[in-house]
Amino acid sequence: MAAASHKPLGAITAGDLAAAAPGTDAAAFHAALRRALGAGDADPAAVWGELCRSLLRPDVPFAIHRMLYYGCFAGLPSPTPPAWTPDPEEAALTNVGRVMEARGRELLGDAYQDPITSFTDLYKFSNENPEAYWKMVFEDMGVEFSVEPSCIWRESHAYPGGEWLPGAELNAAANCLTAKPGRSSEDVAIVWRDEGKDSEPLNFMTLEELRKKVCHVANALDALDLPKGSAIAIDMPMNVNAVVIYLAIVLAGYVVVSIADSFSALAISTRLKISEAKAIFTQDYILRDDKELPLYSRVVEAKAPMAVVISARGSLPIKGLRLNDLSWQDFLGRVNDTKVESYAAVNQPAYAFTNILFSSGTTGEPKAIPWTHMTPLKAAADGWCHMDIRKGDVVAWPTNLGWMMGPWLVYASLLNGASMALYNGSPNSSGFAKFVQDSKVTMLGLVPSIARTWKNTDCTAGFDWSSIRCFSSSGEASSVDDYLWLMGRACYKPVIEYCGGTEIGGGFVTGSLLQPQALSAFSTPAMGCNLFILDSSGNPLPQDSVGIGELALDPILFGSSTTLLNADHQEVYFNGMPEWNGKVLRRHGDEFERTCDGYYRAHGRADDTMNLGGIKVSSIEIERICNRANDAILETAAIGVPPIGGGPEQLTIAVVFKDQSKQVEDLNQLKLAFNMALKKLNPLFKVSSVAVVPSLPRTASNKVMRRVLRKEFTQAAQAKISKI
């Protein structure tokens, strides 16, 4: 943060405040600022905390929030000043704080002091004593095994990171449908509302009601006579029916195939073929802003197997079904009434597949990543520790079952005894903001582009978000200013940044309610995860040292993938990686920095993939489409460029023309052509800029060096800004 260019708090005048936010009572606000400064501590973080408590309400113009935040830390050397600091009393009430207060000396010995001071000791304990740490977490979450594991972890030649939960049998979905410690079956499991019904009462489903609906669908699945273990796809919005179907597939011993509802017919077809799906659940339409967006027709175009189709408008009949397809009502009607409300969960070995998700690789074909019955436990454990999801919480995260955060939300909520909050509509609206207020969301997750839209449209204005205890953010790089604004909407609750991957089932670096949180930064590796930054020679830097480079992971990582359906897992994640403590490190592919004050910052992908709107996509996939958009094009390179000031990557296409002697045609027209073509890949992908280059930089082996282009484009943007 360029704090040196901002005025220190003591130098801010009433005139400065009036200029930043015309129409405010600058004199009164300045007097309140002077009082806060007089009562505050000399520590800038303490002064900022006092300003958050006493002055910076959500209705105060953001320009003043921003001025005071930067003013607090102006002139200080820290690159990552804290925007939130934990309160000792509140820290003791968190999941981790409660366990540490009860068992801190048992786990950490005489070195234990208090939850905040000893948090880093617990992190080290989680890596050095996986047996004790994971037993503690499973016990606190109330995880039930039908067959207990012989141990938590052991060395094994079959798995690069050793074998987890050997001998264990369980069913992840069954664990979601039983009351957790301190909760009952009559507690709310899901709260939801449909777009367009924002003034109507909320809808609620208790845990017992959810269990009965899941059992009904599980029985109906068995009536399809598919072999156990068959892959069954879900391609629909993340609503109540989607969650019920998801849990029923896992409960009944089948495997979910996750497909995002924004995908084209070609993308749907690719995923169905890779997974060998035997059936698919979908909707006739997606309803957004009173528009009907066709979904079933895309599934048909993808030549999907037998489909069960739900009407987006409830009980209205669906017309034009294929011969072997079923309506939702006909599917459910195949079950004998006496079997509707009960189902014996299919318990399976811990490594049995539950879900096939997809993540783009550098080859252009999406990697098919299986989740096992252990992966949900990793997701829920991250929520337990890092977002502090606990009984009585209401958790909202606009997402889809096609992305890992969809299943993550299901498991992190239900396995921790919390309620899941689902809004069936666009999150970029005042309707969603009102839903957060009305359902009293306590943990709100999002991707940064959503926060930027909220800030730009001010659609959250006037809504009370004081129930929120923390935000969480994942999927792409965030902006300091956007997230300072976001924190201010909930009276400065922290943002827990969360970075991981589909192949991990959760995060490898994140934040904690027991540590100070800085904007757009991570305060800790995830519990049970050792991470390493590689130097320019590909060797790990000493742990906890300052540096920047490609990130690698300790292979001993609970819940992470051990196989890929359509690629060589060993080659993708381990071949060519350095060793540490006798084990080959696991490749991840992000470029990370560890700052001088102990935070981590993400710097995008180190390989040939990028993040667009929270979706990881291969550069090659985009380039293949752009190369065909105009006959004059020789080749293209797709680059994700972070905007100045931080935030989600923006797609830039570098273009080499066949005949470079001719005048370059209108680049806006070319950009429009690229965007029209990319709609077939994903309508959410948009080209931000087009740059003409004489040639693409390449390695000696002819590989395009996209990182070189990314650096050049970033430097050019910075130079342009500096001249303004």
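Right above here is the structure, for reference.
Criteria and thresholds
- Residues numbered from 1 in each chain as written.
- Predicted model: local features only at pLDDT ≥ 70, side-chain atom pairs only at ≥ 80, totals over all residues.
- Heavy atoms only, no water.
- 1 Å grid on protein atoms, 1.4 Å probe; cavity = no way out; pocket = protein on both sides within 12 Å on 5 of 7 lines; lining within 4 Å.
- Points joined across faces, edges and corners; volume = space filled by probe spheres on them.
- Nonpolar A, V, L, I, M, F, W, Y, C, P; charged D, E, K, R; others polar.
- Buried < 20%, exposed > 50% of the residue type's maximum accessible area, 1.4 Å probe, protein only.
- Helix = DSSP H or I, 4+ residues; strand = E, 2+ residues; numbered from the N terminus.
- Arc of directions from axis to C-beta.
- Contact = heavy atoms within 4.5 Å.
- Pairing = 2+ DSSP bridges.
- Axes fitted to C-alpha atoms, helices over the stretch in contact; angles between N-to-C directions.
- Salt bridge = Lys/Arg side-chain N within 4 Å of Asp/Glu carboxyl O.
- Phe/Tyr/Trp six-rings, centres within 6.5 Å; stacked < 30°, edge-to-face > 60°.
- Parallel < 35°, antiparallel > 145°, perpendicular 65-115°, else oblique.
- Left-handed = near helix turned anticlockwise from the far one by under 90°.
- Polar contact = N/O pair within 3.5 Å; in protein donor to acceptor, adjacent residues only side chain to side chain.

Asker: Honestly, empty space enclosed by the protein in this entry has me stumped. Any pointers?
Answerer: Rolling a probe over the atoms, with the probe sized like a water molecule, indicates the empty space that remains. This model, assessed by the stated rule, comprises four cavities of 30 Å³ or more. Its volume calculated, the largest cavity comes out at about 120 Å³. Along the wall of the largest cavity there are 16 residues; nearest its centre are G161, P555, S560, S561 and T562. Split by residue class, the lining of the largest cavity holds eight nonpolar, seven polar and one charged. Taken as a whole, the second largest cavity encloses approximately 80 Å³ of empty space.

Asker: Help me understand helix α18 (residues 448–457) in this model?
Answerer: Given 3.6 residues to a turn, an α-helix orients residues that are three or four positions apart in the same direction. For α18, every residue scored as buried is listed here: P448, I450, A451 and W454. With its buried residues spanning 155 degrees around the axis, α18 presents them on a single face. In this fold, the buried residues of α18 make contact with α17 (430–438), β19 (443–446), β20 (470–473) and α19 (480–489). Positioned one or two residues after α18, D458 has a phi angle of 60 degrees, which is positive.

Asker: Help me understand helix α7 (residues 119–128), please; the structure alone is not making it clear to me.
Answerer: Turning to α7, its buried residues number three or more, namely F119, L122, Y123, F125 and S126. Mapping the buried residues of α7 onto a view down its axis gives an arc of 160 degrees, with all of them on the same face. In the core, the buried residues of α7 are packed alongside α6 (95–108), α8 (130–141) and β25 (524–525).

Asker: Explain the sheet that holds strand β21 (residues 495–497) here, please?
Answerer: Working definition: the strands of a sheet are paired by backbone hydrogen bonds and lie parallel or antiparallel to each other. Reading across the sheet, the seven strands line up as β6-β5-β18-β17-β19-β20-β21 and stay open at both edges, with mixed pairing between neighbours. Looking at strand neighbours, the two that pair on one side only are β6 (203–206) and β21, the edges of this open sheet. For this sheet, the mean angle separating the axes of adjacent strands, direction not counted, is 20 degrees. Here strand β17 (residues 394–396) pairs with strand β18 (residues 419–424) via three bridges, running parallel. Within β18, the position partnered with A396 by the bridge is A421.

Asker: Looking at this structure, I do not really get the pattern of salt bridges. What am I missing?
Answerer: Where side chains of opposite charge bring their charged atoms close, a pairing between them can arise. Counted by the stated rule, this structure contains 24 salt bridges. Of the charged contacts, one joins K583 and E155 as a salt bridge, the two residues approaching to 3.1 Å between their closest N and O atoms. With K583 in strand β29 (residues 583–584) and E155 in the loop between β2 (153–154) and β3 (163–164), this pair connects stretches of sequence that are 428 residues apart. Judged by relative accessible area, E155 falls into the exposed class, the value being 55%. For D187, the salt bridge identified is with R183, shortest N-O distance 3.1 Å. A residue is classified by how much of its surface remains accessible, and D187, at 23% relative accessible area, is partly exposed. Within the structure, one salt-bridge network assembled from shared partners comprises D388, R390, D393 and R469.

Asker: For this particular structure, what's the right way to read the packing of aromatic side chains?
Answerer: What characterises a pair of aromatic rings is the spacing of the ring centres plus the angle enclosed by the ring planes. The final tally for this structure, using the stated rule, is 28 aromatic pairs. Relative to F558, the ring of W164 has its centre 5.2 Å away and its plane inclined at 80 degrees; by these criteria the two rings are edge-to-face. Residue W164 is located in strand β3, and its partner F558 is located in the loop between β27 (547–553) and α20 (569–573); the two are separated by 394 residues in the primary sequence. For the pair W164 and F558, a shared accessibility class is recorded, and that class is buried. Here the aromatic rings of Y423 and F435 are separated by 5.6 Å at their centres, their planes lie at 40 degrees, and the arrangement is tilted. Highlighted residues: Y423 in strand β18 and F435 in helix α17, separated in sequence by twelve residues. F435 shares its class with Y423; the two are buried. Members of the aromatic cluster, connected to one another through ring pairs, are Y133, W134, F138, F145, W153, W164 and F558.

Asker: How should the sheet that holds strand β22 (residues 499–501) be read in this particular structure?
Answerer: Spatially, the three strands line up as an open sheet ordered β22-β23-β25, and their pairing is antiparallel. The sheet is open, and its two borders are formed by β22 and β25, each paired with just one other strand. By the bridge criterion, two bridges tie strand β23 (residues 506–510) to β25 in an arrangement that is antiparallel. Pairing of V509 across the sheet is with P525, part of β25.

Asker: Help me out: how do you make sense of the packing of α18 against α19 in this one?
Answerer: The angle between the axes and the distance between the axes are what describe a pair of packed helices. Two elements in contact, α18 and α19, have axes whose closest approach is 9 Å; the angle formed by their N-to-C orientations is 70 degrees. Looking at the two axes, α18 sits roughly perpendicular to α19. Crossing hand, α18 versus α19: left-handed. Contact with α18, carried on its side by P448, A451, R452, W454 and K455, involves D481, D482, Y483, W485 and L486 of α19 and no other residues of that element. Each residue belonging to the contact of α18 with α19 can be placed in one class, and the counts come to six nonpolar, no polar and four charged.

Asker: Looking at this structure, how should I read the pairing of β23?
Answerer: Along any regular strand the residues' side chains alternate between the sheet's two faces. Burial within β23 is extensive, with five of its five residues counted as buried. With three bridges connecting them, β22 and β23 associate as antiparallel partners. Residue pairing across strands places G501 opposite G506, the latter belonging to β23. Linking β22 back to β23 in an antiparallel pair, the connection comprises four residues, with G505 at a positive phi of about 75 degrees.

Asker: Explanation requested: the environment of E131 in the structure shown.
Answerer: Structurally, E131 can be placed in helix α8. Judged by its relative accessible area of 28%, E131 is partly exposed. Ignoring anything within four residues of it in the chain, the contact list for E131 reads C151, I152 and W153. A polar atom in the side chain of E131 sits 3.0 Å from the backbone nitrogen of I152.

Asker: How should the packing of helix α15 (residues 375–385) against helix α16 (residues 405–414) be read in this particular structure?
Answerer: Running from N to C, α15 and α16 cross one another at 65 degrees; their axes reach a closest spacing of 8 Å. When the interaxial angle is binned, α15 and α16 end up roughly perpendicular. As α15 runs across α16, the sense of the crossing is right-handed. Here α15 contributes P376, A379, A380, D382 and G383 to the contact with α16, which in turn contributes W408, Y411 and A412. Here the contact of α15 with α16 is built from residues that sort into six nonpolar, one polar and one charged.

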